[in-house]
Amino acid sequence: MNILSNHPNPQFERKNWQSLNGQWDFGLKKAQRSFKFSKNENTAVNIHSKAKYLYKINVPFCAESELSGIVYTDFINAVWYRRTAKIHAGDNLVFLNIGAADYLTTILINGKFAGRHKGGYTSFRFDITNLIKDGENEIFILCEDNVKDPLVPSGKQSDRKHSYACSYTRTTGIWGNVYLEYVPKKHIKNFKIYPNVNQCSAGISLELNGCADLEIKAFYGEKETGHIKAHNAAGSTFISIPLSEKHLWECGKGRLYRLEIIFGKDKVFSYFGLRNIRLDGFKFMLNDKSVFQRLVLDQGYYRKGIYTARDDEELKKDIELSLSLGFNGARLHQKVFDSRFLYFCDLYGYMVWGEYANWGLDYSDPNVLGEFLPQWLEAVERDFNHPSIIGWCPFNETWDYRKRKQKDELLKTVYETTKLLDTTRPCIDTSGNFHVKTDIYDVHDYRYDPKEFKKSYDMLKDGILYEHVLKDNPGRQKYGGEPVFISEYGGIKWEADSSVKSWGYGDDVKTENEFVKRYAGLTCAITSNPKILGFCYTQLYDVEQEQNGLFTYDRKPKFSAAAYEKIKAANTATAAIEK
């Protein structure tokens, strides 16, 4: 079965790769109260020796999803996978890559331990060269998970048996692409791209394995626009490529340059966008122009695939729907999104915030830092080169955990480490609340009276930020004059599926005209404010029982064409901060 056969990572693509998506033998262990995560690989070895495979599963779709062929939606503590693959390495190293697997993953190759990875949202790989033989090889993967563990970030996955409010169907096990990569012994390990608009160049910081000649070519369309060589490159290397033509990455215009990086016999294909971003007072600047962020909340859920889109068309669909309504980007919410989705964001010139699935964590526990930070840094490292990512936000709404307050040092440390890893983008410590140290002070506000909404934010002209969280939680955070972003608002409930008990924010509107009037009123209150740099409307589409989307869960229209035109007009009105 040929599933998701395009290269999983257009940012780091080699031609010599082998997809392992498709049908695998599969088994699962239902949840038990006594469950504890394994301490080492012995658990995987024991399960492998005794494993029963009662099912066939379509990888990379999770067991809960329809596309997996399993559709088991109750709690699961462990799942295991097995298949054989023909591997002919020749003189190459062989790496096994997994796009994402939730949560603790252990891999055996031909019954021998290959590696373990912790984290349900980030990509990882293991060198399996010394464990394989020429010809058929057995691959065994064990994934352990427990969304109720306070040290496990689970995002929007429901901690109850069924979905409720803004918590949805769980995802257990593999949900990202699985593939093999055949790599020369002297190879490119990683690289970061630093576009320079003013100098019309691209700086590239490379990590190289071995010593060989290095050659980098840049193309715009089919025309070569940059070419540079370095002899006997090794280790950490920085090289700058002057570009003969300037094509800026802008909203709605991706204008991507292609890259070919050749190191000895290794050849990697990539791309970049020529753009810079910075904050200037209250303004967000893209290529030194004030650009208002007209964003929409995207949960990254699909009815049949849960966390995983069926194909590229499903990935592109959300961006196209968003652009059709005048949005210029999205908050990618409570999830690290697929690399191919980010590729299409890059291609379309679609601004997004890179976030993490932090819900489920006990922010009062000092052990959270050691669990969360490595996973978050993996996400930042993987997605650094995407021009569409215009900021980082590791946490969202760090509410009290069983009446215990967050460890402020947790948020401060994660923020500061993020800024050390990436000096080119702003970082929001925790979206909504409770801020500790942040570049942008963002607010979640679901009040639904446009007049009241506008009046309260008009106080920004006097340096006063109205925020209901401050009133309800005195002493928890303080506005310090940072740029302001209304990063969640609206969420207006409009039921499209009466077969489920629907959920949304505020009093239900009764007519389409009421919906549009409220939408336009709230949005205008934000765009007309010269002290606010952007908005993010909740949300692009319904997800299960949460029916406050602008489209249905199946991405079908919920409103008339006339209503959508009015929504688009509200979104695209010139913002005061852009004037």
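Another aspect to go through is the layout of surface pockets. If you add up the space inside the largest pocket, you get close to 790 Å³. Surrounding the largest pocket, 33 residues form its lining, Asn9, Asn97, Ser123, Arg125 and Arg382 being those nearest its centre. Taken together, the elements giving at least two residues each to the lining of the largest pocket come down to β5 (93–98), β9 (124–127), β12 (178–183), β13 (187–196) and α4 (368–383). With four residues, β13 is the largest single contributor of residues to the lining of the largest pocket. Per-class residue counts for the lining of the largest pocket are 13 nonpolar, 10 polar and 10 charged. Here the second largest pocket defines a volume of roughly 550 Å³. Lining the second largest pocket are 22 residues; nearest its centre among them are Asp159, Tyr164, Trp359, Gly360 and Tyr401. In terms of residue class, the lining of the second largest pocket is made up of 10 nonpolar, six polar and six charged.

What follows covers the pattern of salt bridges. Evaluation of the coordinates by the stated rule reveals 35 salt bridges. For Lys15, the salt bridge is made with Glu13, and the minimal N-O distance between the two is 3.7 Å. Glu13 gets classed as buried once you look at its relative accessible area, which sits at 18%. Measuring nitrogen to oxygen at the nearest pair gives 2.8 Å for the salt bridge that ties Arg340 to Asp312. Of this pair, Arg340 sits in helix α3 (residues 339–348) while Asp312 is found in helix α2 (residues 312–324), placing the two residues 28 residues apart along the sequence. By relative accessible area, Arg340 is classed as buried at 12%. By sharing partners, the salt bridges in this structure join Arg14, Arg125, Glu181 and Asp266 into a single network.

Tallied over the entire structure, the rule returns 44 aromatic pairs. Ring centres 6.1 Å apart and planes at 85 degrees place the aromatic pair Tyr363 and Phe395 in the edge-to-face group. Taken as a pair, Tyr363 in the loop between β23 (351–355) and α4 and Phe395 in strand β25 (residues 395–396) lie far apart in primary sequence, 32 residues in all. By relative accessible area, which is 4% here, Tyr363 ends up buried.

Attention shifts here to the nonpolar core. Ile486, Tyr489, Phe515, Tyr519 and Leu550 are the most contacted members of the largest nonpolar core, which totals 100 residues. With 32 residues, the next largest nonpolar core counts Ile57, Ala63, Ile70 and Val178 among its residues.

A few words on the packing of helix α6 (residues 450–457) against helix α8 (residues 512–527). At a minimum axis distance of 9 Å, the contact between α6 and α8 shows a crossing angle of 5 degrees. When the axis of α6 is compared with that of α8, the two are roughly parallel. Along its contact with α6, which presents Pro450, Phe453 and Lys454, the element α8 presents Arg518, Gly521, Leu522, Ala525 and Ile526. Here the contact of α6 with α8 is composed, by residue class, of five nonpolar, one polar and two charged.

This paragraph deals with the sheet that holds strand β27 (residues 441–445). Overall, parallel pairing links the seven strands, which are arranged β24-β23-β22-β21-β29-β28-β27 in an open sheet. Here the strands that pair on one side only, and so sit at the sheet edges, are β24 (389–393) and β27. Strand-to-strand twist across the sheet, computed as the mean angle between neighbouring axes with direction ignored, equals 25 degrees. With five bridges joining them, β27 and strand β28 (residues 484–490) adopt parallel strand pairing. Pairing of Tyr441 across the sheet is with Val484, part of β28.

Packing of α2 against α3 leaves a shortest axis separation of 9 Å and a crossing angle of 40 degrees. By the angle class used here, α2 and α3 are oblique. The element α2 and its partner α3 pack so that their crossing is right-handed. Every residue of α3 that contacts α2 at Asp312, Leu315, Lys316, Asp318, Ile319, Glu320 and Leu323 is listed here: Arg340, Phe341, Phe344, Cys345 and Tyr348. Split into classes, the residues belonging to the contact of α2 with α3 amount to seven nonpolar, no polar and five charged.

Conventions and cut-offs
- Residues numbered from 1 in each chain as written.
- Predicted model: local features only at pLDDT ≥ 70, side-chain atom pairs only at ≥ 80, totals over all residues.
- Heavy atoms only, no water.
- 1 Å grid on protein atoms, 1.4 Å probe; cavity = no way out; pocket = protein on both sides within 12 Å on 5 of 7 lines; lining within 4 Å.
- Points joined across faces, edges and corners; volume = space filled by probe spheres on them.
- Helix = DSSP H or I, 4+ residues; strand = E, 2+ residues; numbered from the N terminus.
- Nonpolar A, V, L, I, M, F, W, Y, C, P; charged D, E, K, R; others polar.
- Salt bridge = Lys/Arg side-chain N within 4 Å of Asp/Glu carboxyl O.
- Buried < 20%, exposed > 50% of the residue type's maximum accessible area, 1.4 Å probe, protein only.
- Phe/Tyr/Trp six-rings, centres within 6.5 Å; stacked < 30°, edge-to-face > 60°.
- Core = buried A, V, L, I, M, F, W, Y, C linked by side-chain atoms within 4.5 Å.
- Axes fitted to C-alpha atoms, helices over the stretch in contact; angles between N-to-C directions.
- Parallel < 35°, antiparallel > 145°, perpendicular 65-115°, else oblique.
- Contact = heavy atoms within 4.5 Å.
- Pairing = 2+ DSSP bridges.
- Left-handed = near helix turned anticlockwise from the far one by under 90°.

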